[in-house]
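# Observations on the three-dimensional arrangement
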Amino acid sequence: MATAGTQSALLSFAEARQCVEEYASHLSPAEPETVSLLDATGLVLAEDLHADRDFPPFPRSTRDGYAVRSTDVAAPPARLRLIGEIKAGAGLQQSGITIGAGEAAEIMTGAPVPAGADAVVMVEYTGRSGGLVTVQRPVGAGENIVVAGSEANRGSLMVPRGTRVNHTTVAVAAAVGRAELAVYRRPKVAILATGDELVDINLPPGANEIRNSNSYSLAAQVAAAGGEPVILPVAPDVAEELALLLRKGLEADVLLVTGGVSAGKYDLVEQVMASFEARFLFTGARIQPGKPVVFGEAILHDKTTPFVGLPGNPVSTMVTFQLFARPLLDGLSGATAQPLPFAKAELNSPFTTRTGLTRFLPARLGGNGAQPQVELVPWQGSGDLMAVSRSNCYLVVPPEQERFAAGELVTVLMF
Ligand code: AMP
Ligand code: MG
């Protein structure tokens, strides 16, 4: 592989995202492991999940009422003879009932509809005296019944390999009787914060020092993305010490570095990386926050490891993780590629901005009813982690747009 050094490549947001997605599509996950169903949430399925029976396994009543023949109640009121009761979980004796002409059986939600019946009348439309039930409304054939096998047939694919397990996947796994699932091992994600001003959270900061928050916010984002965060000691802005820690970080499946990627005199990450066998795919993206973001791969001891250099301002770090590091975690987890969670919302108040960059401005999505509303959260720029903590999304400003009117439909990126 060619060593490209630190040649500068400033891409548009779309180009940079495309570059990372393309790279991620060639990554492969670690070997699978088996975990219990309750531990599988957030991990990626290493196997297909199939239906072990028909769903539903029997014709299921969706209402409390009476199982009838629809032709018997076509001209209400109809008086039918009650021949039994079928509850959910009915034993064979109950479910063995057959409804003949002029007959009905009381039935509960989730119970098997008996032979002979082709509809269930809701209890609200009936009256009862002794062994007779009066049906006051007609009911169509099939009404209030879910046909056996209509949701899924035995053997059919329910959830494919590569799906990230969420509560819906867990429901399917439980329904098909899987107490354990094969998932891919979480990728190890090294997190290296750089900067002479940084102090860890268990130490008192000096007057001109600040606490290292990025290692922790990144660890949270990594864990939420199904990775295993490995936080390295903070690196000072000194080339030799930085090199040692970068080498350590390259032992992981992916390395995230924060800080030290801008154009300042002590921004050494690119320079030190380039002293290894490294290839830079881009060294900046026309976005704000996060413009100095760097993406590449390094080879150490015959192992190729992707790395992302995230600008150190806390909001820049968060945004660039979501935009450019997250796809790598998906690839290394065996997950099928996920699009960014964009949505449309109505802007509450007008604002103007400068053109030229794709901006991701901290914002709050709210409103009730059909139309989501979004408002900008006032902030002091990309260092303002307090402002982003009051946000739940970013308002996405395309590079060519300068003015935004109240009531305009805008794009938001959910966290
Ligand atoms: P840099 O990208 O190194 O130029 O840093 C940009 C800004 O982010 C500076 O104000 C840094 O003090 C701040 N910063 C860098 N790293 C961190 C970190 N790990 N936690 C909190 N703030 C940081
Ligand atoms: Mg720095």
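See the structure above.
In what follows, the accompanying structure is described. (Residues numbered from 1 in each chain as written. Chains lettered and ligands numbered in written order. Predicted model: local features only at pLDDT ≥ 70, side-chain atom pairs only at ≥ 80, totals over all residues. Heavy atoms only, no water.)

### Description of the packing of helix H1 (residues 13-24) against helix H7 (residues 314-333)
Put simply, the rule is: Under this scheme, a helix contributes an axis fitted over its contacting stretch, all axes are lines through C-alpha atoms, and angles between N-to-C directions fall in the 0 to 180 degree range. The helix count covers DSSP runs of H or I at least four residues long, the strand count covers runs of E at least two residues long, and both are numbered beginning at the N terminus. An angle counts as roughly parallel when it lies under 35 degrees, as roughly antiparallel when it exceeds 145, as roughly perpendicular when it falls between 65 and 115, and as oblique in every other case. Note on convention: near helix rotated counterclockwise from far helix by under a right angle means a left-handed crossing. Clockwise means right-handed. In what follows, residue pairs with any heavy atoms lying within 4.5 Å of each other are defined as contacts. For this classification, Asp, Glu, Lys and Arg are treated as charged, while Ala, Val, Leu, Ile, Met, Phe, Trp, Tyr, Cys and Pro are nonpolar and the rest, including Gly, are polar.
Interhelical geometry of H1 versus H7 gives an angle of 15° and a closest axis separation of 8 Å. Taken together, the axes of H1 and H7 are roughly parallel relative to one another. Along this stretch, H1 crosses H7, giving a crossing that reads as right-handed. Facing H1, whose interface residues are Phe13, Ala16, Arg17, Val20, Tyr23 and Ala24, H7 presents Gln322, Leu323, Phe324, Pro327, Leu328 and Gly331. In the contact of H1 with H7, the residues fall into nine nonpolar, two polar and one charged.

### Some details on a nonpolar patch on the surface
In plain terms, the rule: Think of a patch as exposed residues, more than 30% relative accessible area, with no salt bridge, where like charges cluster within 9 Å and nonpolar side chains (Val, Leu, Ile, Met, Phe, Trp, Tyr) cluster within 5 Å. Areas reported here follow the Shrake-Rupley algorithm with a probe of radius 1.4 Å; residue values treat only the protein chains shown as occluding. Take a side-chain nitrogen of Lys or Arg and a carboxyl oxygen of Asp or Glu: if they are within 4 Å of each other, that pair is a salt bridge.
Where nonpolar side chains cluster on the molecular surface, the patch consists of Ile201, Tyr216 and Ile231 and spans about 250 Å² of accessible area. Along the chain, Ile231 turns up in strand E17 (residues 228-231).

### Describing the pattern of salt bridges
This is how it is decided: Think of it in three bands: with a 1.4 Å probe and only protein chains considered, a residue is buried below 20% of the maximum accessible area for its type, exposed above 50%, and partly exposed in between.
Counted under the stated rule, the structure contains eleven salt bridges. The closest approach of N and O atoms between Glu228 and Lys188, which form a salt bridge, is 3.9 Å. You can see Glu228 sitting in strand E17 and its partner Lys188 sitting in strand E14 (residues 188-193), a full 40 residues away along the chain. Lys188 sits in the partly exposed class, given a relative accessible area of 34%.

### Focus on the packing of aromatic side chains
Which entries qualify depends on this criterion: Within 6.5 Å between ring centres, the rings of Phe, Tyr and Trp (the latter by its six-membered ring) count as paired, and their orientation is classed by plane angle as stacked under 30 degrees, edge-to-face over 60, tilted in between. Two limits define a charge over a ring: the Lys NZ or Arg CZ must be within 6 Å of the ring centre, and within 35 degrees of the ring normal.
Evaluation of the coordinates by the stated rule reveals eight aromatic pairs. The interplanar angle of 85° and the centroid separation of 5.2 Å between the aromatic rings of Tyr23 and Phe295 together place this pair among those described as edge-to-face. Note that Tyr23 is positioned in helix H1 and Phe295 in strand E22 (residues 294-300), a separation of 272 residues in sequence. Taken as a pair, Tyr23 and Phe295 share a single burial class, namely buried. With a centroid separation of 5.7 Å and 80° between ring planes, the pair formed by Phe280 and Phe307 is classed as edge-to-face. In this pair, Phe280 sits in strand E19 (residues 277-282) while Phe307 sits in strand E23 (residues 303-310), placing the two residues 27 residues apart along the sequence. Side by side, Phe280 and Phe307 carry an identical accessibility label, which is buried. Taken together through their ring pairs, the aromatic side chains of Phe13, Tyr23, Phe282, Phe295, Phe324 and Phe360 make up a single cluster. Taking NZ or CZ as reference, Arg137 lies 3.9 Å from the ring centre of Tyr125, over its face.

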